[in-house]
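Here are the chains, one letter per residue:
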Amino acid sequence: MSLSTLFTSSNRSGRFLRTLTTSYVLLGAATIYSIGLVPLLLSHGGVSDLGLMNLVVQFTSYLSLVDAGLTSCSIRQFIGPLARGDTIAFSRQFKCALIISIFQGMIVATVGFGGPLLASWLRIPPDQIHLFSSLFLAQCFIVALGFPLRPLASVLLAKQKFEITYLVQSIALLCSLALAWFGFSQNWGLWSVIVGNSLVFVLSSASLLIIGTRNGFLFLGFRGPPPSLRDVLAMLRDSSSFFSGPCIGTLSLVLQSSVLSRTLGLEGVAIWSVGSKVTSLLSQVLSKFFESSFAGMSELLELGQTQQMLRRFAQILFSATCLAFLLAAIVVLSNDWFVQFWTNHLVDWPRICTIFVSIGLISTMLGKAFSEQAKVLLYWKSIQWGPFLDLLATSLLLIPVMFSPSLPLYSLALALSPLLGSLALNCRRVRSVMAESFISHLSLSLQRATWAALLFFILAILWWLF
C-alpha cells in the first residue's frame, strides 16, 4: 500500500492518519519552541523570569474555562448534520456557537484586567507585580481574539480537515521562537514572548479563514435565517454537559499551580516546569491518539456502527498503552540527564521525581482514553460527574503537600490522581456496551508487544533503583 493511499482523505482511516500525523508535526514544533525558549529566558532573566512567564502562560491557558464546553460540544454536534448532509441544522448550530463564542471572548478580555489580584494570590514579588499584570493582560487579549474563530475550527476538526492548519501553526511556532530570540537581543525582555505569541495567532487565524472558505464551511455556516434565542439557549444547555470536563480540569490545574507557587515559590514552579517538560510533551503525544480518532469514532456511532467503533477504540487504546510503557521507560532512563544538559546544571531536579512523572505519564494516558470515549458515546453522567472525581482525588492527594512542601511529594500526588479519579467510572461505562472483551479485538502481536513494553518499563525502574 502506497503512502498516498494510506493518507488519502477519501476514507476515514486516511483522514485519521493525516490528522494524527500533522498533529504530531505541531507537537514537534511546540517541543522545539518550548525547549528553545527556556534557555533564552534563563540567559536573559534567570529562574525567576522563567517562573513568572510560566505562570502567565499557565493562567491564560486556564481561561479556556470560559469556553464552557462549547468547543467539544460543537465538534460532537456538527458531526451528525455534516455526516447526514443536513445543512440547515448545521447552519443553525454554527451561528449559535459563533454568537456564544463572541461573548466568551469579551469575558476573557475583561478577565485580563484582574492581573494585580492574581499576582497577589500567587505571591508574586512586589517589584514584579506590574510586569506580571501587563503580560497577563496582553496574553488575555490574544486569547480573547481567538474565541470567535473557535466554531470554524470545530467544523474543520469535525470533518477531519485540520491538517493544513496544524502545519501552519507549526511553522508559526518556529517563526515565533526566532522572533522571541530577536526580541531578547533587542532588550524587549519578556515582551518578546508576547510578540511571538501574536505572530502565531495571526498566522493560525488566517489559515482557519482560508481553509474554511475554500471548503465552503463559512458559506454553509451563514446560510439561512439567524438562530432564535431558544436555539442559542439549547446550544448552551447541551454544551453545559461538556463543561464539567474543561471546567473541573482547569480548576485542577489552577489548584496544582497555586499549591506549587504558594509552597515552593517561583523557583519551585520553574524546577517543576523543566523537570516535567518531557512527560508533559509525551502526554500530549499519547492524547493525540484519542483526540484525532474522536471525530471518526463519533461518525461511526452516528451511522449506527457501534461495535465497529468500539473495536477501533480497543485497538487504539492498547496501541497507546504499549507506547506509553515504552516512553515511560525511556523517561526513567534519560530524564535526569536531559534536565541537567538542557539547563546547564542550573536547575536542581530531584531524581526520585523522574519515577513519579513516568508513572503519571501512564496514568494520565489511561484517564484521557476513557474520558474521551465517554464523550463519543455521549454517556452524560460520566461526562458530567467524572471530572469531579478527578478533582476530588487531586485535592485529597495535594493536602500533604500543603503541610510538608516537597517536590517529590507533589509529583507523587499528580501521578496517582488519574488512577483514583474517574478512570473506574468511565472504564465501567465503556465496557458495559461492548459485546466482547477488549482482548478479543486485538491481534496476538499487539498483546505481546504491550506485555513486553510493560516488562521493559519495570526493568527500567529496577535499573534506576539498583
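Residues numbered from 1 in each chain as written. Predicted model: local features only at pLDDT ≥ 70, side-chain atom pairs only at ≥ 80, totals over all residues. Heavy atoms only, no water.

**Comments concerning the overall build of the protein**
When its secondary structure is counted, the protein shows 19 helices and 0 strands. Compactness check: the protein gives a C-alpha radius of gyration of 22 Å against a globular reference of 23 Å for 466 residues, within 12% of the reference. Overall, the protein is about 55 × 50 × 45 Å in size when its C-alpha atoms are taken along their principal axes. The 466 residues of the protein split such that 52% are buried. Counting only contacts in the protein whose residues sit at least 6 apart along the sequence, the fraction spanning at least 24 positions is 84%. Positive and negative side-chain charges of the protein, numbering 28 and 16 respectively, have mean locations separated by a distance of 10 Å. (Helix = DSSP H or I, 4+ residues; strand = E, 2+ residues; numbered from the N terminus. Rg over C-alpha atoms; globule rule 2.2 N^0.38 Å. Buried < 20%, exposed > 50% of the residue type's maximum accessible area, 1.4 Å probe, protein only. Contact = heavy atoms within 4.5 Å. Lys, Arg positive; Asp, Glu negative; His and termini not counted. Charge placed at Lys NZ, Arg CZ, Asp CG, Glu CD.)

**Re the confidence of the model for the protein**
Residues at a pLDDT of 70 or more form 91% of the protein, whose mean pLDDT is 80. Within the protein, helix α10 (residues 191-214) carries the highest mean pLDDT (88), whereas helix α1 (residues 3-6) carries the lowest (51). (pLDDT = per-residue confidence, 0-100.)

**A look at the nonpolar core**
Core analysis: the largest hydrophobic core is formed by 131 residues, its most contacted members being L37, F132 and F290. Among the elements that take part in this core, helix α14 (residues 306-343) stands out by supplying 18 residues, more than any other. Beyond its immediate chain neighbours, meaning those up to four positions away, L37 contacts L177, A180, F184 and V193. (Core = buried A, V, L, I, M, F, W, Y, C linked by side-chain atoms within 4.5 Å.)

**A closer look at the side chain of E163**
With respect to the helices and strands, the residue E163 is situated in helix α9 (residues 163-185). Here E163 is in contact with R18 and T22, once residues within four sequence places are set aside.

**Brief notes about the environment of I211**
Within the secondary structure layout, I211 lies in helix α10. For the pair I211 and V401, spaced 190 residues apart in sequence, the C-alpha separation works out to 48 Å. Non-local contacts of I211, meaning those with residues more than four positions away in its chain, are made with L156, K161, I164 and T165.

**Considering the pattern of salt bridges**
In this structure the tally under the stated criterion is 1 salt bridge. A salt bridge links R351 to D336, with the shortest nitrogen-to-oxygen separation between them at 3.3 Å. Within this pair, whereas R351 is found in the loop between α14 and α15 (352-376), its partner D336 is found in helix α14, the two being separated by 15 residues in sequence. The partly exposed category is assigned to R351, whose relative accessible area is 49%. Looking at D336, the relative accessible area reads 15%, which means it is buried. (Salt bridge = Lys/Arg side-chain N within 4 Å of Asp/Glu carboxyl O.)

**Things to note about the packing of aromatic side chains**
Describing an aromatic ring pair means giving the distance of the ring centres and the angle of the ring planes. Enumeration according to the criterion identifies 9 aromatic pairs in this entry. For the pair F132 and F136, a centre-to-centre distance of 6.1 Å together with 5° between the ring planes defines the contact as stacked. You can see F132 and its partner F136 sitting in helix α7 (residues 129-146), 4 residues apart, about one turn around the helix. On the accessibility criterion, F132 (0% relative accessible area) is buried. Owing to a relative accessible area of 4%, F136 belongs among the buried residues under this scheme. Arranged with centres 5.6 Å apart and planes meeting at 85°, the rings of F182 and W188 form a pair that is edge-to-face. (Phe/Tyr/Trp six-rings, centres within 6.5 Å; stacked < 30°, edge-to-face > 60°.)

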